[in-house]
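Listed below, chain by chain, are the residues.
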Amino acid sequence: MPATYKRTLVTSALPYANGPVHIGHLAGCYLPSDIFVRYKRSKGEDVIFICGSDEHGVPITIKAKKEGVSPQDVVDKYHKMMGDAFKGFGISFDIYSRTSNKVHHETASDFFKTLYDKHVFTEEITEQYYDTEAKQFLADRYITGTCPKCSNPNAYGDQCEKCGSTLSATDLINPQSTLSGSKPVLKETKNWFLPLDKLQPKIQSYLDQHKDWKTNVYGQCKSWLDSGEGLQPRAMTRDLNWGVPVPVKGAEGKVLYVWFDAPIGYISATKELKPDTWELYWKDKSTRLIHFIGKDNIVFHCIIFPSMLMEHGDYILPDNVPANEFLNLEGDKISTSRNWAVWLHEYLIDFKDKQDVLRYTLCSNAPETKDNDFTWADFQTKNNSELVAILGNFVNRTLVLTHKYYNGSVPAPETYTKEDLLILEQLASFPDKIASAIEQFKFREALAEMMNLARLGNKYLAETEPWKLIKSDEIRVKTIMNIALQITCNLAVVCEPFLPFTSQKLFGMLNMPLLKWHSAKQTSNMAAGHQINKEELLFAKIEDPEIQLQIDKLAQSKSVNTATVIPPSKPETSFDEFSKMDIRTGTILEAERVPKTDKLLKLKIDTGIDTRTVVSGIAEWYKPEEIIGQQVSILVNLAPRKIKGIESRGMILMAANSQGELSFVSATKPAFNNGSEVK
RNA sequence: GGUGAGGUAGCUCAGUUGGUUAGAGCAUCGGAUUCAUAACCCGAAGGUCGGGAGUUCAAAUCUCCUCCUCACUACCA
């Protein structure tokens with residue numbers, strides 16, 4: 001830590017309270033931040049570790065509605081579940097707070113008010129969908145309709161979960177309110193925007209001071225700033241009734257945007273933790289603020305939140321944002337909705353007392369520079385060939401020999417040989433090596449270095465062979481075993497940030513108090529004559545059946561996912577409504593790719609009535625040359641629309657199966673004339 | 001399509017400002033050993049550094065082109 005900083009404030013991304021936490025969350029931000037903080041504490045530095053549940057936003061209100069409970073019930077449930085999971089894994093937050101509590105509401109409200117009074121925001125009136133029956137504006141998530149991209153009839157207003165594309169509610173075909181089932185109408189509403197476009201120069205110079213950030217983080221920030229039009233204003237309020245009310249006249253029925261409110265949660269949690277001194281951590285220039293997050297949060301923590309803090313004026317800015325990439329699971333993306341995940345609460349049951357094994361595996365294979373893959377086979381190997389064979393084994397053989405030769409009493413060293421002195425010198429150098437890697441957020445490297453200390457121990461024993469010498473040179477053995485014990489003790493110190501449960505167990509076996517980081521630079525922590533406790537195994541081997549069980553569990557999720565899902569029927573419609581659609585048979589005369597797009601084909605269609613141009617998003621499924629002469633069904637009286645500068649007149653009917661694959665729908669009798677009515 | 005990040009041994013990753021036979025861990029094979037959870041220790045094998053072209057005495061490292069993966073973003077009436 002640079003000398004100018006006196007304390008560190010570490011935050012971990014606030015997990016969203018609509019589901020349990022999985023290994024991806026852990027590997028992405030909670031584990032690295034925990035390692036970092038534990039190390040800082042061990043060094044005796046002033047550090048606080050902040051986290052909490054993010055409990056606002058639309059998805060929670062939808063989940064509540066679905067389950068027939070209140071939003072508060074939903075967040076209560078997951079807040080507890082997530083908090084327990086973190087605790088179970090030894091994630092050592094100083095406080096695990098939540099954004100639905102009073103302190104947070106006040107803090108977020110004040111923060112908004114300050115910016116409002118400083119005239120930071122711009123007001124804008126926009127058109128949003130409104131449900132006339134439920135008498136409220138509809139957030140994107142409250143609107144479903146047919147995805148314009150993959151024709152999934154159950155796409156949400158912000159996103160289609162089938163094809164994964166990001167949508168805008170106004171893009172949906174046949175939008176429908178999930179509140180009342182009625183068709184929503186567009187209505188004007190006023191919202192407050194953070195004018196990121198105007199703030200861009202300030203943000204630019206802020207980022208310029210942080211070129212030392214991880215390349216993935218800095219690169220992404222730069223891409224936001226440098227992209228075509230630069231930053232765009234972003235609405236900081238929403239028409240919704242779950243969240244922090246907007247503290248401004250005329251804003252009834254509106255709440256703060258969840259991404260405005262969530263990072264302020266870090267501040268509120270600090271207030272809650274340190275009611276008297278919290279300002280020292282947030283407003284004093286000698287505090288270093290570090291946000292640990294996953295890559296999906298980069299823009300919020302590196303651009304939006306710093307903008308908010310800058311405009312407020314009282315606060316310090318993040319000094320670093322060490323974001324990790326994503327963790328995949330057995331080759332596929334982790335997905336909550338597809339149940340493709342290893343849930344922490346389930347792991348704690350299936351692998352009781354093996355928290356450190358997962359901590360070790362996730363840290364040694366953390367997605368620090370690119371997306372990584374978690375496999376159960378790798379988990380098993382890491383446990384059996386590294387934790388058991390290298391670390392556990394070294395500790396075990398040292399303690400077994402100590403009991404065998406000295407009844408568990410630490411022998412006094414006699415004369416050190418040249419080799420001994422070399423080992424002691426190396427031993428003392430480990431804390432700095434590990435520390436340096438941690439300070440640079442290179443946790444994988446730090447962990448590997450920690451294991452090297454255990455390797456050093458194994459090597460030392462193999463080379464000195466005390467089990468042979470005991471027959472000929474008992475005095476020499478005392479020195480050897482003393483050194484082996486010192487290595488063991490120092491291992492207990494330096495493994496603590498990574499493997500806190502193991503560290504504690506080890507100190508227990510050594511019958512030693514929990515030593516701090518600086519002690520590991522010493523080579524005489526275990527005093528001669530000190531009595532150690534009976535050894536027990538630090539790690540147990542994990543056999544194939546246990547792993548198979550987990551793999552089977554995932555296979556089951558997979559088979560559920562690939563099962564054909566038939567979308568439910570849409571609401572009843574009238575014949576009148578249907579007969580407004582003029583659908584005809586037609587034939588594709590020409591087809592070509594629309595340049596600079598992935599999915600679009602420009603088609604010339606003989607509709608019987610005329611020959612017209614239609615742009616269709618089918619390029620992923622059909623090659624242009626293969627579909628000349630293909631008979632299709634086409635909706636001919638649809639309003640024309642320009643797509644990529646080409647006027648598209650009409651829409652080709654496509655069937656979409658449960659995998660999202662498209663197929664033409666056409667008359668099955670050969671040579672059916674173009675222009676035949678489909679009715 | 002645009003932007004960003006990656007593509008290095010079977011697997012997971014290091015490779016500083018271009019410089020001697022490209023490194024580590026795990027897995028594999030061989031040897032040694034028995035204190036230890038058949039673990040440890042020693043050794044070997046394994047890579048035309050995604051592909052192509054260029055700059056240079058010298059390129060994994062710089063430039064250009066191209067392919068693949070991931071993220072954000074655009075097009076589907």
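Peer 1: What am I meant to see in the overall build of chain A here?
Peer 2: The helix and strand tally for chain A stands at 19 helices and 26 strands. Seen along its three principal axes, the alpha-carbon backbone of chain A occupies a region of about 105 × 65 × 45 Å. The buried share of chain A, taken over its 679 residues, is 52%. In chain A, of all internal contacts separated by at least 6 residues, the share reaching a separation of at least 24 is 72%. Carbon and sulfur atoms make up 51% of the accessible area of chain A, which amounts to about 30,900 Å² in all.

Peer 1: Looking at this structure, I do not really get the pairing of strand 20 (residues 631-635). What am I missing?
Peer 2: If a strand is regular, its side chains alternate between the two faces of the sheet. Strand 20 sits mainly inside the fold: 5 of its 5 residues count as buried. Residues Gln631, Ser633 and Leu635 of strand 20 are buried on one face, and the alternating residues Val632 and Ile634, pointing to the opposite face, are buried as well.

Peer 1: I tried to follow the sheet that holds strand 3 (residues 95-98) on my own but got confused; where do I start?
Peer 2: In sheet architecture, strand pairing relies on hydrogen bonds along the backbone and comes in two forms, parallel and antiparallel. Strand order in the open sheet formed by 4 strands is 3-2-1-13, with parallel pairing between adjacent strands. Only two strands of the sheet have a single partner each, and these edge strands are strand 3 and strand 13 (287-292). The average undirected angle you get between the axes of adjacent strands in this sheet is 25°. The sheet contact formed by strand 1 (residues 7-12) and strand 2 (residues 46-53) spans 5 bridges and is parallel. Bridge pairing in strand 2 links threonine 11 to isoleucine 50. Contacts between helix 7 (residues 258-273) and the sheet are confined to strand 1, strand 2, strand 3 and strand 13, with strand 2 contributing the most and set at about 120° to the helix.

Peer 1: What is the right way to read unusual backbone geometry from this model?
Peer 2: In terms of backbone geometry, most residues other than glycine have negative phi values and most peptide bonds are trans. A positive phi angle, close to 60°, is found at histidine 119, a residue other than glycine. Tracing the backbone shows histidine 119 in the loop between helix 4 (102-117) and strand 4 (122-131). A residue is classified by how much of its surface remains accessible, and histidine 119, at 68% relative accessible area, is exposed. With a phi angle near 55°, asparagine 407 is a residue other than glycine that sits in the positive phi range. For asparagine 407, the location among the structural elements is in the loop between helix 12 (376-406) and helix 13 (418-439).

Peer 1: Just to check I follow, could you spell out helix 13 for this structure?
Peer 2: Residues three or four positions apart in an α-helix share a direction because the helix packs 3.6 residues into each turn. A rise of 1.5 Å per residue sets the reference length of helix 13, with its 22 residues, at 32 Å; its end C-alpha atoms lie 33 Å apart and thus fit the reference within 8%. The principal kink in helix 13, of about 30°, is found at serine 429, preceding the proline proline 431 by one to four residues. Buried within helix 13 we find Asp420, Ile423, Leu424, Leu427, Phe430, Pro431, Ile434, Ala435, Ala437, Ile438 and Glu439. Buried residues along helix 13 sit in contact with helix 1 (23-42), strand 13, helix 14 (443-464) and helix 16 (474-494).

Peer 1: Could you clarify how one ought to interpret the sheet that holds strand 14 (residues 327-329) in this entry?
Peer 2: Reading across the sheet, the 3 strands line up as 15-14-16 and stay open at both edges, with mixed pairing between neighbours. At either margin of the open sheet sits one strand with a lone partner, and together these are strand 15 (332-333) and strand 16 (372-374). Across 2 bridges, the pairing between strand 14 and strand 15 is antiparallel. Its bridge partner being in strand 15, leucine 329 is matched across the sheet by aspartate 332.

Peer 1: I would appreciate a short explanation of a nonpolar patch on the surface in the present structure.
Peer 2: Among the surface-exposed residues, Phe575, Phe578 and Met581 lie close enough to one another that they form a single nonpolar patch of about 340 Å² accessible area. Take phenylalanine 578: it is sitting in helix 19 (residues 575-579).

Peer 1: What is the right way to look at the domain arrangement of chain A in this model?
Peer 2: In terms of domains, chain A is made up of domain 1 (7-112 + 258-329), domain 2 (122-238), domain 3 (375-521) and domain 4 (575-664). One C-alpha centre belongs to domain 3, the other to domain 4, and the line joining them spans 69 Å.

Peer 1: For this particular structure, what's the right way to read the packing of aromatic side chains?
Peer 2: Aromatic ring pairs are described here by two measures, namely the spacing of the ring centres and the angle between the planes. Taken as a whole and assessed by the stated rule, the structure comprises 33 aromatic pairs. Between the aromatic rings of tryptophan 376 and phenylalanine 379, the centroid separation amounts to 5.0 Å while the plane-to-plane angle is 80°, which identifies the pairing as edge-to-face. One end of the pair is tryptophan 376 and the other is phenylalanine 379, both in helix 12 and 3 residues apart, which spans about a single turn. Given the relative accessible area of 0%, phenylalanine 379 is considered buried. Connected via pairs of aromatic rings, a cluster forms that spans Phe111, Phe112, Phe121, Phe260, Tyr266, Trp282, Phe305 and Tyr315. Taking NZ or CZ as reference, lysine 283 lies 5.2 Å from the ring centre of tyrosine 315, over its face. The ring of phenylalanine 430 is capped by lysine 433, whose NZ or CZ atom sits 4.4 Å from the centre of that ring.

Peer 1: What is the right way to read helix 2 (residues 58-67) from this model?
Peer 2: Of the residues making up helix 2, those classed as buried are Val58, Ile60, Thr61, Ile62 and Ala64. Taken together, the buried residues of helix 2 touch helix 3 (71-88). Where helix 2 terminates, the next one or two residues include glycine 68, which has phi positive at roughly 65°.

Peer 1: Please clarify how the pairing of strand 13 should be interpreted in this entry.
Peer 2: With 6 of 6 residues buried, strand 13 is to be regarded as a mostly interior element. Of the two faces of strand 13, both are covered, the one formed by Thr287, Leu289 and His291 as well as the one formed by Arg288, Ile290 and Phe292. Pairing analysis gives 6 bridges linking strand 1 to strand 13, with the strands arranged parallel. Bridge assignment links threonine 8 to a residue of strand 13, and that residue is arginine 288.

Peer 1: I would appreciate a short explanation of the pattern of salt bridges in the present structure.
Peer 2: Between side chains of opposite charge, a pair can form when the charged atoms approach closely. Following the criterion strictly, the structure yields 34 salt bridges and no others. Glutamate 279 is paired through a salt bridge with lysine 283; the nearest N and O atoms lie 3.1 Å apart. Here lysine 283 and glutamate 279 lie together in helix 8 (residues 278-283), a separation of 4 residues that amounts to about one turn. Judged by its relative accessible area of 26%, lysine 283 is partly exposed. For aspartate 378, the salt bridge goes to lysine 382, with nearest N and O atoms at 3.4 Å. With aspartate 378 and lysine 382 both in helix 12, this residue pair falls 4 residues apart, about one helical turn. Owing to a relative accessible area of 22%, aspartate 378 belongs among the partly exposed residues under this scheme. By sharing partners, the salt bridges in this structure join Asp34, Arg38, Arg359 and Glu496 into a single network.

Conventions and cut-offs
Residues numbered from 1 in each chain as written. Chains lettered and ligands numbered in written order. Predicted model: local features only at pLDDT ≥ 70, side-chain atom pairs only at ≥ 80, totals over all residues. Heavy atoms only, no water. Helix = DSSP H or I, 4+ residues; strand = E, 2+ residues; numbered from the N terminus. Buried < 20%, exposed > 50% of the residue type's maximum accessible area, 1.4 Å probe, protein only. Contact = heavy atoms within 4.5 Å. Areas by Shrake-Rupley, 256 points an atom, 1.4 Å probe, with all protein chains shown as cover. Pairing = 2+ DSSP bridges. Axes fitted to C-alpha atoms, helices over the stretch in contact; angles between N-to-C directions. Expected span 1.5 Å × (residues − 1). Bend = angle between axes of the 7 residues up to and from the residue. Patch = residues over 30% accessible without salt bridge, like charges linked within 9 Å, V, L, I, M, F, W, Y side chains within 5 Å. Salt bridge = Lys/Arg side-chain N within 4 Å of Asp/Glu carboxyl O. Domains from an automatic or database assignment. Phe/Tyr/Trp six-rings, centres within 6.5 Å; stacked < 30°, edge-to-face > 60°. Lys NZ or Arg CZ within 6 Å of the ring centre and 35° of its normal.

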